[in-house]
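Spelled out, the chains give:
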Amino acid sequence: MRKVFQAELHQIGEELIEISQLVTEAIQKANSAFQGADTELAQEVIAADARIDFLQNSLDERAIDILALQGPVASDLRMIVGALRMSASLERMGDLARHVAQLARLRFPANVIPEGIRATFDELAELDVQIAMKVKELLETRNLDLSNEIGAANARVNELHASVFKAVAADDWTESAPTTVDVTLASRYYERFADHGVSVARKVTYLVTGEWHPVAPLN
């Protein structure tokens, strides 16, 4: 029975890695669609999000079955509860990548972001991809140096997000109301994506060290 239990725990870990890989692909494709006004690629991201949702539901059902049938304790219990929380964050990251793709599709054939602020969004996009890739590697390796790197990348995302709000509030901002809404929404999507990556990293750190450092909850 113990071998079966350990196999089930291993399967949960593999499913988290699979979801994180799909999330990485989603944000990469969403960025390309967003930057290039590519509606076909945007539709791929939107359609593929259903797979992320399905895998999250499957993982959660498996984890709940283990809790009900195996009665895990100590580190095994932390692993299962942590997996439930991480799957929720990963699913949300997939949703946010979908939102970015939906903006690209909504504004086709125009680009969502005005030229004057495009470099900021290029950097936001690249940082989110880096975070997604590091989250996947962290789930695979449990190398906590990656957790620190994710936190550092998120700090830069927060700086860029704040700069977007300053730009749209400045006296020399002359873009239309719809463009202003799109810009602020897109910045928010990228910022929340990074925050959920940090949430996963913190939970992996807890699983490895057993230490939890509470922070303000995600919105």
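Taken as a whole and assessed by the stated rule, the structure comprises one cavity of 30 Å³ or more. Empty space within the largest cavity amounts to approximately 70 Å³. Around the largest cavity sit Phe-34, Gln-35, Asn-111, Val-112, Ile-113, Arg-118, Phe-121, Asp-122, Ala-125 and Tyr-190, which together line it. Those elements that place two or more of their residues in the lining of the largest cavity are helix 1 (2-36) and helix 4 (118-141). A per-element tally of the lining of the largest cavity places helix 4 first, with four residues. Residues belonging to the lining of the largest cavity are distributed by class as follows: six nonpolar, two polar and two charged.

The next point concerns the pattern of salt bridges. Inspection of every chain in the model, using the stated rule, returns 15 salt bridges. Glu-191 is paired through a salt bridge with Arg-192; the nearest N and O atoms lie 3.8 Å apart. Accessibility expressed as a relative area gives 7% for Glu-191, which makes it buried. Among the salt bridges present, the one from Arg-192 reaches Asp-195, with a minimum N-O distance of 2.5 Å. Residue Arg-192 and its partner Asp-195 are located together in helix 6 (residues 177-209), separated by three residues, close to a single helical turn. One exposure class covers both Arg-192 and Asp-195, and it is buried. In this structure, a network of salt bridges that share partners links the residues Asp-49, Arg-92, Asp-95 and Arg-98.

Analysis parameters
Residues numbered from 1 in each chain as written. Predicted model: local features only at pLDDT ≥ 70, side-chain atom pairs only at ≥ 80, totals over all residues. Heavy atoms only, no water. 1 Å grid on protein atoms, 1.4 Å probe; cavity = no way out; pocket = protein on both sides within 12 Å on 5 of 7 lines; lining within 4 Å. Points joined across faces, edges and corners; volume = space filled by probe spheres on them. Helix = DSSP H or I, 4+ residues; strand = E, 2+ residues; numbered from the N terminus. Nonpolar A, V, L, I, M, F, W, Y, C, P; charged D, E, K, R; others polar. Salt bridge = Lys/Arg side-chain N within 4 Å of Asp/Glu carboxyl O. Buried < 20%, exposed > 50% of the residue type's maximum accessible area, 1.4 Å probe, protein only.

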